[in-house]
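Chain residues, written in single-letter form:
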Amino acid sequence: MSSWRILLTDGLQKAGKEILDLAASVDDRKGITAEELLSEINNYDAVIVRGRTKMTDVVIAQAKKLKLIGRCGVGVDNIDLQAAKENGITVVNAPGATTTSVAELTMGLIFALAREIPRADAGMKNGEWLKKKLVGVELDKKSLGIIGYGRIGSTVGKIAASVGMRINATRAHISGGEFMTFDEVIEKSDFITIHTPLTETTRNLINDETISKMKDGVFIICVARGGIIDENALLDGLNSSKVAGAALDVYASEPPTNQELINHPKLIATPHIGGQTADAQKQASIDISTEVLAGLREEKLRWKIV
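Residues numbered from 1 in each chain as written. Predicted model: local features only at pLDDT ≥ 70, side-chain atom pairs only at ≥ 80, totals over all residues. Heavy atoms only, no water.

Peer 1: Can you help me understand the overall build of the protein chain in this one?
Peer 2: When helices and strands are counted, the protein chain shows 12 helices and 12 strands. Taken over the C-alpha trace, the protein chain has a radius of gyration of 21 Å; the compact-globule value for 306 residues is 19 Å, and the two agree within 12%. C-alpha atoms of the protein chain, sized along the principal axes, occupy 65 × 45 × 35 Å. Restricting to contacts in the protein chain with at least 6 residues of sequence separation, those with at least 24 account for 58%. (Helix = DSSP H or I, 4+ residues; strand = E, 2+ residues; numbered from the N terminus. Rg over C-alpha atoms; globule rule 2.2 N^0.38 Å. Contact = heavy atoms within 4.5 Å.)

Peer 1: Teacher, can you tell me more about the pattern of salt bridges here?
Peer 2: Side chains that differ in sign of charge can pair as their charged atoms come close. As enumerated under the stated definition, the model contains 18 salt bridges in all. For Asp27, the salt bridge goes to Arg5, with nearest N and O atoms at 2.6 Å. Taken together, the residues Asp27 in strand E2 (residues 25-28) and Arg5 in strand E1 (residues 5-8) connect sequence positions 22 residues apart. Arg302 serves as the salt-bridge partner of Glu291, at 3.8 Å between the closest nitrogen and oxygen. Remark: Arg302 occurs in the segment after helix H12 (278-296) and Glu291 occurs in helix H12; sequence separation between them is 11 residues. Each of Arg29, Glu36 and Glu40 takes part in one network of salt bridges that share partners. (Salt bridge = Lys/Arg side-chain N within 4 Å of Asp/Glu carboxyl O.)

Peer 1: What should I look at first to understand the nonpolar core in this one?
Peer 2: Where a protein is soluble and globular, its nonpolar side chains tend to be buried together. Counting 28 residues, the largest nonpolar core has Ile220 and Leu234 as the members making the most contacts within it. Mapped by element, the contributors of at least two residues to this core are helix H8 (182-188), strand E9 (191-194), strand E10 (218-222), helix H10 (231-240) and strand E11 (243-248). Here this core gets four residues from one element, more than from any other, and that element is H10. Setting aside chain neighbours within four positions, we find Ile220 in contact with Leu113, Ile192, Ile194, Ile206, Ile211, Met214, Ile229, Leu234, Val243, Gly245, Ala246 and Ala247. (Core = buried A, V, L, I, M, F, W, Y, C linked by side-chain atoms within 4.5 Å. Buried < 20%, exposed > 50% of the residue type's maximum accessible area, 1.4 Å probe, protein only.)

Peer 1: What should I look at first to understand helix H5 (residues 99-115) in this one?
Peer 2: Given 3.6 residues per turn, any residue in an α-helix points the same way as the ones three and four places further on. Relative to the 24 Å expected for 17 residues at 1.5 Å per residue, H5 spans 25 Å between its end C-alpha atoms, a close match to the ideal helical length. Of all 17 residues that make up H5, 12 are buried, and the element is covered over most of its length. Within H5 the residues assigned to the buried category are Thr99, Ser101, Val102, Ala103, Leu105, Thr106, Met107, Leu109, Ile110, Ala112, Leu113 and Ala114. The positive-phi residue at the C-terminal boundary of H5 is Glu116, with phi of around 50°. (Expected span 1.5 Å × (residues − 1).)

Peer 1: Help me understand the sheet that holds E2, please; the structure alone is not making it clear to me.
Peer 2: Two pairing modes exist for strands in a sheet, parallel and antiparallel, and in both the strands are linked by backbone hydrogen bonds. With parallel pairing, the five strands of this open sheet are ordered in space as E2-E1-E3-E4-E5. Of all the strands in the sheet, the pair left with one neighbour each is E2 and strand E5 (90-93). Across this sheet, the average inter-strand angle for adjacent strands is 20°, counted without regard to direction. Pairing between strand E4 (residues 68-71) and E5: four bridges, direction parallel. (Pairing = 2+ DSSP bridges. Axes fitted to C-alpha atoms, helices over the stretch in contact; angles between N-to-C directions.)

Peer 1: Can you help me understand the side chain of Asp249 in this one?
Peer 2: By the element assignment, Asp249 lies in the loop between E11 and helix H11 (259-262). One buried charged side chain, Asp249, makes no salt bridge at all; its nearest oppositely charged neighbour is Arg225, positioned 7.7 Å away. The contact partners of Asp249, leaving out residues within four places of it in the chain, are Leu105, Cys222, Val223, Glu254, Thr270, Pro271, His272, Ile273 and Gly274. (Lys, Arg positive; Asp, Glu negative; His and termini not counted.)

Peer 1: Explanation requested: the pairing of strand E7 (residues 166-169) in the structure shown.
Peer 2: Looking along a regular strand, one sees side chains alternate from face to face of the sheet. Sheet analysis places strand E6 (residues 143-147) next to E7, joined by four bridges and oriented parallel. Of the residues in E7, the one forming a bridge with Leu144 is Ile167. In terms of handedness, the path from E6 via helix H7 (residues 151-162) over to E7 forms a crossover that is right-handed. (Right-handed = clockwise from strand over helix to strand, strands pointing away.)

Peer 1: Explanation requested: the packing of H5 against H7 in the structure shown.
Peer 2: In a pair of packed helices, the angle between the axes and the distance between the axes together describe the arrangement. In contact at an axis separation of 9 Å, H5 and H7 are set at 50° when each is read in the N-to-C sense. Considered as vectors, H5 and H7 are oriented oblique to each other. In this structure, the crossing between H5 and H7 has a hand that is right-handed. Where H5 abuts H7, its residues Thr99, Val102, Ala103, Thr106 and Met107 lie against Arg151, Ile152, Thr155, Val156, Ile159 and Ala160. Taken together, the residues of the contact of H5 with H7 sort by class into seven nonpolar, three polar and one charged. (Parallel < 35°, antiparallel > 145°, perpendicular 65-115°, else oblique. Left-handed = near helix turned anticlockwise from the far one by under 90°. Nonpolar A, V, L, I, M, F, W, Y, C, P; charged D, E, K, R; others polar.)

Peer 1: In this structure, what is going on with the environment of Ile41? I would like to understand it.
Peer 2: Of note, Ile41 is situated in the loop between helix H2 (34-40) and strand E3 (46-49). The spacing of Ile41 and Leu7 is 34 residues in sequence and 8.1 Å in space, taken between C-alpha atoms.

Geometry only, nothing functional implied.
If you want it as structure tokens, here you go:
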């Protein structure tokens, strides 16, 4: 076995751990505090994190021995990429593992919005028979605007097209759909789902101005990253009925603090569970473990960020 030391800050599934244990000394410090991380990071050649751990510029500057940061998942907004680059630290992620799970949750939320499934279930449990009040919409022939047509967005598009939805997408031409500009997508779509990373360009991408351009009675879904939607603007849209309904799996702060939005009767809220399936978590652990070891061996990387 090599002398590499790898730190796990947020746990890792057994399948990934077994891969790492064959090649390195692994310390599972799930729940390690920011202070502990800062004092101990210099002992490791690689660290594997999820979304909880913040790899800040201060932590990275302290990590004199660190060669790799692995993100078990897709988003890397909890890692200071510029600091990593300046310090010669490679950052890798596992973008493919959760694609199906996130796309399936997206479609589940679209169905739930269209037929008000959470309200129907809550009514039944409260002894209410809401049959006449629950008049939903069919998805067949409705237009789905997909903002960000990458791995997840394109998978959502394929599933949605199979139930008769017309696809309006940014960034890519799709069979059976139409390539549009961002403004065209938000102006012409009955449902809008967002699948972009959080960057300075996409922060508050959905705001008062963009919502005003949407169809009256639009449905908005976001399982990408908190901060892409201006939550106060979305709340205003729901209150005015400009937005007929919305579904969020991600929030500007997590757990969310905007309880007025979370409690809104037209909002479906889930606690960032897009990639939380046994299948996705197992595959993500395998992918990131394999990628981190490849990086330590100075082999070709599949998912290098910096």
